[in-house]
Amino acid sequence: MAEPAPKSNPTEDRLDTLAMPQNGWADATRKAALARLREMGLPGRRDEYWKFTRPDSLVQSTAPVAALFHNEEGPLFGDLDRLKIVFVDGVFDADQSDDLTLSGVRIDRLAESADIHWASDLYGALEGNGHYVPRPLAALNTAYATDGVLIHVTDRAEKPINFIYLHENETSDAILHHVIKLDPGAEVTLLETGPAAARFNKVMEVDVADGATFHHVRAQGRDHERRAATHIFTRLGAESVFKSFTLTVNGRLTRNECVIDITGDDAVAHVAGACVGDGDFHHDDTVFVTHDALRCESRQVFKKVLRNGAVGVFQGKILVKEGAQKTDGYQISQSLLLDDDSQFLAKPELEIYADDVACSHGSTSGAIDEDALFYLRSRGVPAEIATDLLTLAFLAEAVEEIEDEVLRDALVERLQGWLERHRG
Amino acid sequence: MLNIKDLHVQLEEEDKQILKGVDLTVEAGKVHAIMGPNGSGKSTLSYVLSGRDGYEVTSGQATLDGEDLLEMEPEERAAAGLFLAFQYPVEIPGVGNMTFLRTAVNAQRKARGEDEMSAADFLKVIRERAKALKIDADMLKRPVNVGFSGGEKKRNEILQMAMLEPKMCILDETDSGLDVDAMKLVAQGVNALRNEGRGFLVITHYQRLLDHIKPDVVHIMADGKIVKTGGPELALEVENNGYADILAEVA
Ligand SMILES: Nc1ncnc2c1ncn2[C@@H]1O[C@H](COP(=O)(O)OP(=O)(O)O)[C@@H](O)[C@H]1O
Ligand SMILES: [Mg+2]
């Protein structure tokens, strides 16, 4: 008698396609992550946390094909003095990368590091911290990441570090995991650029010690068909600063999660994003900020420009724990819908257990202001340029979260380029 | 210069006739004033001429130096030399005043096949013209009209006019909400632009602006039509007796 075919289980189906890398010090963590993942199961359509974004293509066994994108624009931050760390379809490329030496910083590769004591305490630790909501794609990452970078910042980094993610294979499925540890008072700017792969699963854990400063500016690649699920997990010590900005242009599906635990007093956490999408584009920003200390400030500023049926999602939460007095929490998510087919779905949440706090949140979605458009046109500004000006103005509040003017200008130029290519 | 013939306009959204046959010609070098009670259609006329959405021209025509204005996009009308100082200037958060003006000046130059103005030249010219209108550097940097007082907004309109150097300037109640000093500044700004090649259509409620910007011709508009045309003395008549007498006389 034939056995009945076992019911297919998406989590196990996916795991069947993966092999767990062995690198000694992380093995136990990887196994623990796998156990957590099995317990959670990969996200499905009915999961509350995936209500607005279909996880199917992020979960399925193989990466859907993603055509490569070419245009005339040169590499982002090309003129900037930075330390380049290049991955091609998720594989470290030593030839295109700089020497991994930088004053104030120690850099190792996850895949090659034999025994990294500081990292063994951190790898998977911030990810595995629970954080109230299951994040199975991140657990999968911890278990199966094939490479990534371990960065220990002991001082002020001499120059920015730039992860450059090239996408050269239409079916690449990349899983990278980075760990960044900043010692007390240390400072680093991390840049991330490029589409990375047909499907990209990335986790970045950032431990920011007392008085340390972490700046992060990311531009996700322009390949229209790429998919990505990324997570940032960060823990902030007293008087530390964490500022992260993400620009997303194009991409079939992007889910960017950012989980911020503020554990030290007087810390500052800003996370911002600007995205522009045209047509078959789905972009999801999911943020969870936990205040568990005194007098901390958090800001979430997300702006989305959507056209031709593009979809934007924002799920943002501020959790203020008991005793986290004088918390200053701000959250704004807005979309500019350039037509009636596009859609913005937002779920802003505040959960507050302290009585002396100032938290505000707002979410709006709207069209171009016709009065402003006419005013500009009446001065001779052609409609499409006027629309671009108003669109950039709409994005400005998010873009201005980037402190460094050079980085900001470079991203604004990319946005302008996109708007020019997507007129009419 | 500006020729309006039997212009009939209704709202696009509802079946409401607002302009009911406007005839008006403004010659180059002349200042015409339009006065009239609230709701008579003065702003509507200015919007229709500059190309705002929401109005339907059911008959008649409007030309600028023989070119059909009604066929053009708003930006084409601007490049052809038409300028409207808005009754209610629009606030545009996130767009710097200076960026906006430079974009506008260069877009118009480009549309006319002229060279763009360099950033340095532009800066020099705008500083000088802003100074005459007592507009400081801070106002130039701020987002367009955001946080400007009523008077600042109106001066900003005149600055735009000074920078764009239009052929035909329409000013819609540029005096409303201004104190005497601000009105003098605005009037000086306008007078500085008066020359043989440029026409003005000054819409106002009050005679007092016309003490400072001396009109050649004064029209009275009521219920969507020009009902009376005369010289500067007509404005004085309105000032002294209100509209009632004039309207009764033409009824
Ligand atoms: N967009 C509009 N929607 C509805 N009514 C309008 C609109 N524009 C103008 N009107 C009406 O048309 C008439 C003329 O208005 P307007 O041109 O502003 O007059 P004025 O500038 O002379 O005070 C008024 O009755 C006004 O309510
Ligand atoms: Mg009016």
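Before reading on, note that the structure itself is shown above.
Residues numbered from 1 in each chain as written. Chains lettered and ligands numbered in written order. Predicted model: local features only at pLDDT ≥ 70, side-chain atom pairs only at ≥ 80, totals over all residues. Heavy atoms only, no water.

**Observations concerning helix H5 (residues 136-144) of chain A**
All names here are of chain A.
Right, on to step 1. Counting buried residues in H5 gives nine out of nine residues, a clear majority hidden from the surface.
Right, on to step 2. Taken as a whole, H5 has its buried residues at Pro136, Leu137, Ala138, Ala139, Leu140, Asn141, Thr142, Ala143 and Tyr144.
Right, on to step 3. Packed against the buried residues of H5 are helix H1 (10-16), helix H2 (27-40), helix H3 (56-59), strand S7 (173-182), strand S9 (199-208) and strand S11 (227-236). (Buried < 20%, exposed > 50% of the residue type's maximum accessible area, 1.4 Å probe, protein only. Helix = DSSP H or I, 4+ residues; strand = E, 2+ residues; numbered from the N terminus. Contact = heavy atoms within 4.5 Å.)

**Focus: the site of ligand 1**
All names here are of chain B.
Right, on to step 1. For ligand 1, the full set of nearby residues is Leu11, Lys16, Ile18, Pro37, Asn38, Gly39, Ser40, Gly41, Lys42, Ser43, Thr44 and Tyr55.
Right, on to step 2. Gly41 is positioned such that a nitrogen or oxygen atom in its backbone is 3.0 Å from an oxygen atom of ligand 1.
Right, on to step 3. Measuring from an oxygen atom of ligand 1, one finds a side-chain N or O atom of Thr44 at 2.5 Å.
Right, on to step 4. Relative to its unbound accessible surface of 560 Å², ligand 1 loses 63% to contact with the protein.
Right, on to step 5. Along the lines of polarity and charge, the residues of the shell around ligand 1 split into four nonpolar, six polar and two charged. (Near = heavy atom within 4 Å. Polar contact = N/O pair within 3.5 Å; in protein donor to acceptor, adjacent residues only side chain to side chain. Areas by Shrake-Rupley, 256 points an atom, 1.4 Å probe, with all protein chains shown as cover. Nonpolar A, V, L, I, M, F, W, Y, C, P; charged D, E, K, R; others polar.)

**Section: the pattern of salt bridges**
Residue and element names in this part refer to chain A.
Right, on to step 1. By the definition in use, this model includes 43 salt bridges over all chains.
Right, on to step 2. The residue Glu73 makes a salt bridge to Arg414 at a minimum N-O spacing of 3.9 Å. One end of the pair, Glu73, is in the loop between H3 and strand S1 (83-88); the other, Arg414, is in helix H8 (residues 405-421), with 341 residues separating them in the sequence.
Right, on to step 3. For Arg414, a relative accessible area of 14% puts it in the buried group.
Right, on to step 4. For the salt bridge of Arg156 with Glu187, the shortest nitrogen-to-oxygen distance reads 3.9 Å. Placement of Arg156 in the loop between strand S5 (149-153) and strand S6 (161-166) and of Glu187 in strand S8 (residues 187-194) is noted, with a sequence separation of 31 residues between them.
Right, on to step 5. Judged by relative accessible area, Glu187 falls into the partly exposed class, the value being 29%. (Salt bridge = Lys/Arg side-chain N within 4 Å of Asp/Glu carboxyl O.)

**Remarks on the coordination of the magnesium ion (ligand 2)**
All names here are of chain B.
Right, on to step 1. Here the magnesium ion (ligand 2) is held by the protein donor atoms Ser43 (OG) and Gln87 (OE1), which lie 2.1 to 2.3 Å from it. On the criterion of sequence distance, the pair formed by Ser43 in helix H1 (residues 42-50) and Gln87 in the loop between strand S6 (82-85) and strand S7 (92-96) is long-range, its members being 44 residues apart.
Right, on to step 2. The class for Ser43 is buried, based on a relative accessible area of 19%.
Right, on to step 3. Residue classification places Gln87 among the buried positions, given a relative accessible area of 13%. (Donors = N, O, S within 2.8 Å, 3.2 Å for Na, K, Ca; no water.)

**Quick look at the interface of chain B and chain A**
Right, on to step 1. Across the contact, 29 residues belong to chain B and 16 residues belong to chain A.
Right, on to step 2. Carbon and sulfur atoms supply 68% of the area buried between chain B and chain A, which totals about 1,800 Å² over both sides.
Right, on to step 3. For the pair chain B and chain A, the number of links is four salt bridges.
Right, on to step 4. Connecting chain B to chain A are eleven residue pairs in polar contact (both at pLDDT 80 or more).
Right, on to step 5. For the side of chain B that touches chain A, the element with the highest residue contribution is helix H3 (residues 97-111) of chain B, accounting for five residues.
Right, on to step 6. Counted by class, the side of chain B that touches chain A contains 18 nonpolar, seven polar and four charged residues. (Buried area = accessible area lost by both parts, 1.4 Å probe.)

**Thoughts on the packing of H3 of chain B against helix H4 (residues 119-132) of chain B**
All names here are of chain B.
Right, on to step 1. Running from N to C, H3 and H4 point in directions that differ by 115°, and their axes come no closer than 11 Å. Here H4 runs roughly perpendicular to H3, going by the angle between their axes. Taken as a pair, H3 and H4 cross one another with a handedness that is right-handed. On the side of H3, the interface is formed by Met98, Leu101, Arg102 and Val105, while H4 contributes Ala119, Phe122, Leu123 and Ile126.
Right, on to step 2. When grouped by side-chain class, the residues that make up the contact of H3 with H4 number seven nonpolar, no polar and one charged. (Axes fitted to C-alpha atoms, helices over the stretch in contact; angles between N-to-C directions. Parallel < 35°, antiparallel > 145°, perpendicular 65-115°, else oblique. Left-handed = near helix turned anticlockwise from the far one by under 90°.)

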